[in-house]
Amino acid sequence: MKTQASEQWVTMYPHIDAHLEHCRAAGFSPDTTIPDRREILERLIRTVGDLHTATAGQIAGWLARPGWAAHTRATYFAHIRSYYCWALRRGLVAANPLDDLERPRVPTYMPRGISDAAFATILRDPGEPWLTVALLAGYAGLRCMEVCAARREHIDADSIRVRGKGGIVAEIPTSPVIWDHVRDRPRGLLTLTPKGRCAYRPKDMSHRFAEHCDRLGLHATLHDLRRKYADMLRRAGVDVEVIRTLMRHSSIATTQRYFQPRDEERRAGIQALPAPASHQQEAA
């Protein structure tokens, strides 16, 4: 027997499809943002039924479920709010119920990153596709979705052609480390699922890479290697604006969140503080 929520889902389906078509036209990622938004809206509908009659209290109750990280709640809130903004413009709802809700707060964390030793351990393991994955993330700063889509014909000795967020295509210089690794590879995708059957989906690749690191005795994610890329550039003395363009960020503030000051750098900063005048006179 169908529940009320499942029956309402049949009614909501054309609206969800139209909203996601709008997202595609706006250039949202077809690999991550669009399927994630569909999944989130479907899960909400199964609880509250028709989104066009749902109340702020019903949605707040769903967002308040235990077990979700703060970042997860904030992401869900953003996707749902975007749907209601779209529905409001099309006259499907009289008001946006999320206007009565506070956006979930996300704590500010120091970037975790990984150590040089951990990164070296990952690069010493020759298992594929994980070595290729690690090089593309750690020496080109590619995001998970970009690693999944990376093709040999998009890389030469000078540059890597990347289709990033919003479908924006950019070219970044090729690290000699990456070129040495892929130069003799045939055309086509650089990372494939076991037995070379098909391309990885970003979520699956992210999960499998974390499992690979676990087998190496490490707690690391693919995004940690993108952070490592930014931090290695910073430590090499590269200007932050240049790092921003290499990371393909629109804001330099976003780039700065990727930096991970090392303990020895913080200690050196403390040692560089000038001594009080009285101490300087005693030393003289």
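All of the points below concern the structure found in this document.

Cut-offs and rules
Residues numbered from 1 in each chain as written. Predicted model: local features only at pLDDT ≥ 70, side-chain atom pairs only at ≥ 80, totals over all residues. Heavy atoms only, no water. 1 Å grid on protein atoms, 1.4 Å probe; cavity = no way out; pocket = protein on both sides within 12 Å on 5 of 7 lines; lining within 4 Å. Points joined across faces, edges and corners; volume = space filled by probe spheres on them. Helix = DSSP H or I, 4+ residues; strand = E, 2+ residues; numbered from the N terminus. Nonpolar A, V, L, I, M, F, W, Y, C, P; charged D, E, K, R; others polar. Core = buried A, V, L, I, M, F, W, Y, C linked by side-chain atoms within 4.5 Å. Buried < 20%, exposed > 50% of the residue type's maximum accessible area, 1.4 Å probe, protein only. Contact = heavy atoms within 4.5 Å. Pairing = 2+ DSSP bridges. Salt bridge = Lys/Arg side-chain N within 4 Å of Asp/Glu carboxyl O. Lys, Arg positive; Asp, Glu negative; His and termini not counted. Polar contact = N/O pair within 3.5 Å; in protein donor to acceptor, adjacent residues only side chain to side chain. Phe/Tyr/Trp six-rings, centres within 6.5 Å; stacked < 30°, edge-to-face > 60°. Lys NZ or Arg CZ within 6 Å of the ring centre and 35° of its normal. Axes fitted to C-alpha atoms, helices over the stretch in contact; angles between N-to-C directions. Parallel < 35°, antiparallel > 145°, perpendicular 65-115°, else oblique.

### A look at the layout of surface pockets
1) Next: One number sums up the size of the second largest pocket: a volume of about 260 Å³.
2) Next: Glu146, Ala149, Val162, Arg163 and Gly164 are the residues nearest the centre of the second largest pocket, which is lined by 16 residues in total.
3) Next: Sorting the residues of the lining of the second largest pocket by element identifies helix 7 (144-149) and strand 1 (159-163) as the ones contributing at least two each.
4) Next: Ranked by residue count, the leading element in the lining of the second largest pocket is strand 1, at four residues.
5) Next: Residues belonging to the lining of the second largest pocket are distributed by class as follows: eight nonpolar, three polar and five charged.

### Describing the nonpolar core
1) Next: In terms of nonpolar packing, the biggest core is built from 41 residues, with Ile122, Leu136, Leu142, Met205, Phe209, Leu222 and Leu225 touching the most fellow members.
2) Next: Looking at this core, the elements that each hand over two or more residues are helix 5 (116-124), helix 6 (130-138), helix 7, strand 1, helix 8 (176-182), helix 9 (202-215), helix 10 (222-235) and helix 11 (240-247).
3) Next: At seven residues, the largest contribution of residues to this core is made by helix 6.
4) Next: Ignoring sequence-local partners within four residues, the contact set of Met205 consists of Trp130, Val133, Cys144, Val147, Cys148, Thr191, Tyr200 and Leu222.
5) Next: The next biggest cluster of nonpolar side chains, apart from the first, holds 27 residues, and it includes Ile34, Ala54, Trp68 and Tyr83.

### Section: the environment of Ile80
1) Next: Inspection of the secondary structure puts Ile80 in helix 4 (residues 70-89).
2) Next: Between the alpha carbons of Ile80 and Arg37 there is a distance of 7.9 Å; along the sequence they are 43 residues apart.
3) Next: With sequence-adjacent residues up to four places away left out, Ile80 is seen in contact with Ile40, Leu41, Leu44, Trp62, Leu63 and Leu98.

### Some points on the pairing of strand 2 (residues 169-173)
1) Next: Pairing between strand 1 and strand 2: five bridges, direction antiparallel. Counterpart to Arg163 in the pairing with strand 2 is Val169.
2) Next: Counting the residues that bridge the hairpin from strand 1 to strand 2 gives five residues, and of these Gly166 lies at a positive phi of roughly 70°.

### Considerations on the pattern of salt bridges
1) Next: On inspection of all chains with the given rule, the structure shows 17 salt bridges.
2) Next: As a salt-bridge pair, Glu146 and Arg248 come within 2.7 Å of each other at their nearest N and O atoms. In this pair, Glu146 is assigned in helix 7 and Arg248 in the loop between helix 11 and helix 12 (252-256), connecting sequence segments 102 residues apart.
3) Next: A network of salt bridges, in which partner residues are shared, links Asp116, Lys228, Asp231, Arg234 and Arg235.

### Concerning the side chain of Arg37
1) Next: Mapped onto the elements, Arg37 comes out in helix 2 (residues 33-48).
2) Next: As a buried residue without a salt bridge, Arg37 has its nearest oppositely charged side chain in Asp36, at a separation of 9.0 Å.
3) Next: A polar side-chain atom of Arg37 sits 2.9 Å from a polar atom in the side chain of Ser82.
4) Next: Among all residues touching Arg37, those that are not within four sequence positions of it are His19, Leu20, Cys23, Phe28, His79 and Ser82.

### Details of the packing of aromatic side chains
1) Next: Counted according to the given criterion, the structure contains eight aromatic pairs.
2) Next: Aromatic pair Trp62 and Tyr76: ring centres 5.7 Å apart, planes at 25°, arrangement stacked. One end of the pair, Trp62, is in helix 3 (residues 56-63); the other, Tyr76, is in helix 4, with 14 residues separating them in the sequence. Taken as a pair, Trp62 and Tyr76 share a single burial class, namely buried.
3) Next: Counting every residue linked through ring pairs, the aromatic cluster contains Trp62, Trp68 and Tyr76.
4) Next: Positioned above the aromatic ring of Tyr258 is the side chain of Arg227, whose terminal nitrogen or guanidinium carbon lies 4.9 Å from the ring centre.

### Some points on the packing of helix 2 against helix 4
1) Next: Interhelical geometry of helix 2 versus helix 4 gives an angle of 85° and a closest axis separation of 10 Å. The orientation of helix 2 with respect to helix 4, classified from their angle, is roughly perpendicular. From helix 2, Thr33, Asp36, Arg37, Ile40, Leu41, Arg43 and Leu44 reach across to helix 4, where they touch Tyr76, His79, Ile80, Ser82 and Tyr83.
2) Next: Taken together, the residues of the contact of helix 2 with helix 4 sort by class into six nonpolar, three polar and three charged.

Keep in mind these numbers describe shape, not what the thing actually does.
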